[in-house]
Each structure stands twice: as C-alpha cells, then as structure tokens.
Amino acid sequence: MSPLCDCCGEHVNKLNQQISVMRKEIKNLRQMLASAVRGHRKHMLSIQSAVSKIGLCEPDKDQTPPPCSPAASPQAALERGNIQTLPIGYITSCFSVKNGTPRQPTICGPSRAELRIQQSVFNNPEHALVGLEQYSHVWIIFLFHKNGHLSYKAKVKPPRLNGQRVGVYSTRSPHRPNALGLTLARLDRIVGDTIHLSNIDMIAGTPVLDIKPYIPEYDNPDSRMSSDETTDILNLQKDCDDQSGLKLERSDDDDDDDDDDDDDDDDDFCSFLSTDKSEADISVTDSSQLVSAQFSLHKDLNDVLEAVEAYVTQRDLCQLSCAREDEVSHSPKTRPPDATVDHPCYGEGAYSTIAGWIRQPPVSSLEVRFTPQAERELADFLPTHLSGPSERDRPRFKFLRSPEEAAAAITGVLSADPRSVYRRTRCRDRLFFFTLDTADITCWFGQGFAEVLQVRPVEQHIASM
Ligand SMILES: C[S@@+](CC[C@H](N)C(=O)[O-])C[C@H]1O[C@@H](n2cnc3c(N)ncnc32)[C@H](O)[C@@H]1O
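Calculation criteria
Residues numbered from 1 in each chain as written. Predicted model: local features only at pLDDT ≥ 70, side-chain atom pairs only at ≥ 80, totals over all residues. Heavy atoms only, no water. UniProt positions renumbered as here; feature names shortened; annotations may be inferred. Near = heavy atom within 4 Å. Polar contact = N/O pair within 3.5 Å; in protein donor to acceptor, adjacent residues only side chain to side chain. Areas by Shrake-Rupley, 256 points an atom, 1.4 Å probe, with all protein chains shown as cover. Helix = DSSP H or I, 4+ residues; strand = E, 2+ residues; numbered from the N terminus. Nonpolar A, V, L, I, M, F, W, Y, C, P; charged D, E, K, R; others polar. Pairing = 2+ DSSP bridges. pLDDT = per-residue confidence, 0-100. Contact = heavy atoms within 4.5 Å. Phe/Tyr/Trp six-rings, centres within 6.5 Å; stacked < 30°, edge-to-face > 60°. Buried < 20%, exposed > 50% of the residue type's maximum accessible area, 1.4 Å probe, protein only.

Under an unreviewed UniProt entry, the protein has the name tRNA (adenine(37)-N6)-methyltransferase and belongs to Zoarces viviparus. Here is the UniProt Catalytic activity (unreviewed entry) comment for the protein, exactly as written: "N(6)-L-threonylcarbamoyladenosine(37) in tRNA + S-adenosyl-L-methionine = N(6)-methyl,N(6)-L-threonylcarbamoyladenosine(37) in tRNA + S-adenosyl-L-homocysteine + H(+)".

Structural data, given as structure tokens:
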C-alpha cells in the first residue's frame, strides 16, 4: 500500500484520535448501562439513546435527518417513526430452528411456547397481564431475529407459490424492511409473569415486542359492519324518524343558561342558537310532551335496530358456516354467548373468547342526532367525485364519498362516546369539537345522547379550494 501524503496522514491521525475518544465514551456508557438499576426503563432508554448517538454519523443540520440518523431524544425519535425496541420477553418454544417451524400458527395446533415478561420492562410484570386471562387468543408482535441478514426485496417468492414472485406486502415473508412478525396464538394460561401459548410459528429465542388481545369485533372483518351497512341503518333510522312524524322542537327563546350548573340533564332538550363556536349558546326546554315523543321514537328505533341485528347475526352465522376451511382456521370463531361445552384447543371447532366488558362495556353507546342546521351544512358538502363550475364554492370531502357516508361516520364516532373519562365525568363543558375529513364538527353531549350542532368546512380547505 502506498504511504499516505501529509495531508491525508494528518486526517487519518485525527480520525484515529476521535475514534479512541469515542471508544472510551462508549465504554463508560456501557459501564453505566450495566450498573443501571434493573427495571429502570427510563434510565435504560436514555443511556441507550446516548450510546447510539455516539458512533453514528452527525445529521446534516440543513436537512431532515434520514431514518437511520440518531434522534435527539426518545420522543423526537418516536415522532420520526424510530424506536429503540425493548423486547418484553423472549419465546421459549418447541421449535429451535427455522427449518420445520410451522409457516403459520394454524398449521400445527399443539406447537407450544412460553413467554415470560421481563422485569427490565415492568417492575411487576404480572401486573401487566391482569385481565388478559379472559381472552382465548392473543396477537404476538415479534422480531424475526434469525433472518440472517437484514436485506429485503420488493418482490419475494413465497414457498407456496412455487417460485413465482409477488410483492412482499402481499405475503407474510419474514424478509421485510422492519423484520416484524405477527402471529395469532392461542392463550392457554397465565402463571404469574409467564404466558403459555400454543398455535405458534416462532422459534425459541424470538424477541417479542408486544402482545394484544384478539377481539373479533375489531380484528375480524366478518364481525364488522361495512360503511354501506352503516349508511343503510342510518337511512332506516331516518325513515323511522320520518314515519313517526316526530321532529324535536327547537326553542327560539334566547334563554340564558349561564347558570345551568346542574349536571343532571336527563330532561334536557337543547337547541343550538348561536352559530359561533366560541359563543355556543345552548338553551334548554323541558317538556313532558317531548319526553314522551322521544320515548316512542326510541321504541321505534329499537324495533328497527333489533331487526337489523337479527339480520346481521344470521348473515354472520351463515358466512361462518360457508367460510372456506382455511379462512375458518385463520380466524377463530366467536364463541356463542350461551355455549357451555368446553371448546377444543385447536382445529376447526376452536372458539375465541374475550373479556366481557368488550361486549358489554360499563359505558353505554349514545344516541346520535343532528340539528336541522347541522344536517343542512352536511348536505352542502360535495362528494369527492362531483365537480362543476357551479359547485366551485361548495366544500368538498377528500375521503368521504357522500354526506350520507359522512353522517354514518360521525354517528359511529359519537355513538362510541369519544370523550375522555375526565371530560365525561368531571367536565362541565359539554361541547365537543373534532375534525372529520374536511369538516369541523361541533357537538354537545347530554344524558345518553350526542347532538351534532355544526358541520363546517375546515378553514385550510376553504382557503385551498
Ligand atoms: C412465514 S413466517 C410467519 C410468521 C408470522 N405468522 C407472520 O405472519 O408474520 C413463519 C416462519 O418464520 C420463521 N421464523 C420463526 N421465528 C423466526 C425468527 N425469530 N427469526 C427468523 N425467522 C423466524 C420460521 O421459519 C417460520 O416458519
């Protein structure tokens, strides 16, 4: 090798000096890390982040740091989508190597594993598992730590496709940009800080990043209502409203309810008189006539909802029984509420069970209604695809296809009561604001209902139209 010129030699010397200073710093930090008290996750995270800062390139000040750049703080890293992963535990399983390990959890029911939650994550790991025993299945999110290399390709050849290539995101290939695996495992039992699992496809030593309960209502599309179905139900409700000929009376009085500090608003039928968000003015009329009207409206709605529910249940049952074998085995059937027989551990007869509070939560869902003004404002929004010179001044949705779909979305959000527990139980201010697509929604909450008061275009969208 030819000797270096003076200028380059100097550079190399300087770099060597810097490297030895950095090595010392890394050594110190490693010692600090080793002596950090077990279980003090915060200490570990900041030390790890400091270690990772040294030894990596300095970000260019004028540019957004590339994804591999060290972040200034764990929060900043999170904002960029970078996290320092901290496995919550490591799998001990009946499979020690990749070869022969099931390619998916449903292939081999008796494939068992244990996962012990680490004390370095929680001081009392068993506390983190309280309530999980009520579920029969859990999602395990893990790292393919034995991928061998971190390279990945946009197209892969899944073994079952016999050599054909498809996009990596249409497969469950371990070789993907973030090497994350997702398995729906059966939860057999929990003993202290250890979860016993079966139906797994992970090898021993697999670092687990997260566990989440499997909830068919959230995770299985068969249990969900499509937006069309939701819109249909809304239309049914609307028909029912129209047929009953009932309209909530709106008071034109300018009653000042500033002193309405009473939390018990059972009989509140309010109308929104001011159009200005900041000066929202709710007036209250208390009328027994309206109470009985409301009651019979409820009754009609209930009839309709019961009929719809019966239809949906019947359809779900039919879909389940007609589902192809592999679909059934991929998503455990929801256990009928009245099933008394013990369910099999695996195979086609396996049922899933979930915590009772998911199906019957202590927080009941709310009736959602719109003031006529809100209905008019919503109807003014144009669906994404409609355009024309005369429509230029009208607000336009970006994602929602129609005002009906928007009404269904607003109803969905509000009926599930989106308020925080603090807002729901302690806050006097009953007004609530949120943004959906290009609309700013203002509503208020009463006992058992939410009423949409205003649907206005979001400011920035008006400006850009
Ligand atoms: C096709 S992947 C599917 C895993 C998961 N169900 C998913 O969809 O993300 C399953 C295969 O990954 C391999 N595997 C399991 N654990 C691994 C690990 N920790 N590191 C690398 N490969 C692993 C095994 O060969 C197993 O057959």
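What follows picks up the thread again.
Asker: Which residues make up the site of the ligand, and what values do they have?
Answerer: In the vicinity of the ligand, 20 residues are found, and the nearest of them are His145, Arg172, Leu182, Asp201 and Thr206. One of the backbone N or O atoms of threonine 101 is found 2.9 Å from an oxygen atom in the ligand. Within the backbone of isoleucine 203, one N or O atom sits 3.2 Å away from a nitrogen atom of the ligand. Protein chains bury 93% of the 590 Å² of accessible surface belonging to the ligand in isolation. Of all the secondary structure elements, the ones that give two or more residues to the shell around the ligand are β3 (137–143) and β6 (180–191). Here the shell around the ligand gets 3 residues from one element, more than from any other, and that element is β6. Across the shell around the ligand, the residue classes tally to 8 nonpolar, 7 polar and 5 charged.

Asker: Summarise the pairing of β6; cite the residues concerned and give the values.
Answerer: The two faces of the sheet receive side chains in turn, since in a regular strand these alternate between them. Bridge count for β3 against β6 is 7 bridges, and the pairing is antiparallel. Paired with tryptophan 139 across the two strands is leucine 184, which belongs to β6. Sheet topology note: the β6/strand β7 (residues 194–198) ladder contains 5 bridges and is antiparallel. Bridged to isoleucine 190 within β7 is isoleucine 195. Hairpin connection, β6 to β7: the antiparallel pair is bridged by 2 residues, and glycine 192 has positive phi, about 60°.

Asker: Give me the confidence of the model for the protein: which residues, what numbers.
Answerer: Mean pLDDT for the protein: 72, with 61% of residues reaching 70 or above. Put simply, strand β9 (residues 269–272) is where the protein has its lowest mean pLDDT, 26, and strand β8 (residues 207–213) is where it has its highest, 98. Confidence drops under pLDDT 50 across residues 51–68; counting only partners more than four residues distant or on other chains, this segment forms 16 contacts. pLDDT under 50 marks residues 337–349. Its contacts with residues more than four places away, or in other chains, come to 19 contacts. Predicted complex metrics record ipTM = 0.99 and pTM = 0.61.

Asker: Outline the pairing of strand β14 (residues 431–436), listing residues and values.
Answerer: With 6 bridges connecting them, β14 and strand β15 (residues 439–446) associate as antiparallel partners. For leucine 431, the partnering residue across the bridge sits in β15 and is tryptophan 444. Here β14 folds back onto β15, and the loop between the two strands holds 2 residues, one of which, aspartate 437, carries a positive phi near 55°.

Asker: Give me the lowdown on the packing of aromatic side chains, citing residues and values where you can.
Answerer: The full count for this structure, using the stated rule, is 6 aromatic pairs. Between phenylalanine 381 and phenylalanine 397, the ring centres sit 4.6 Å apart and the planes meet at 20°, which makes this aromatic pair stacked. Residue phenylalanine 381 is found in the loop between α9 (372–379) and α10 (403–415), and its partner phenylalanine 397 is found in the loop between α9 and α10; the two are separated by 16 residues along the sequence. For phenylalanine 381, a relative accessible area of 1% gives the class buried. Taking the relative accessible area as the measure of exposure, phenylalanine 397 reaches 2% and is therefore buried. Between phenylalanine 432 and phenylalanine 445 the ring centres are 5.6 Å apart and the planes differ by 85°, which places this aromatic pair in the edge-to-face class. Of this pair, phenylalanine 432 sits in strand β14 while phenylalanine 445 sits in strand β15; the two residues are 13 residues apart in sequence, bridging distant segments of the chain.

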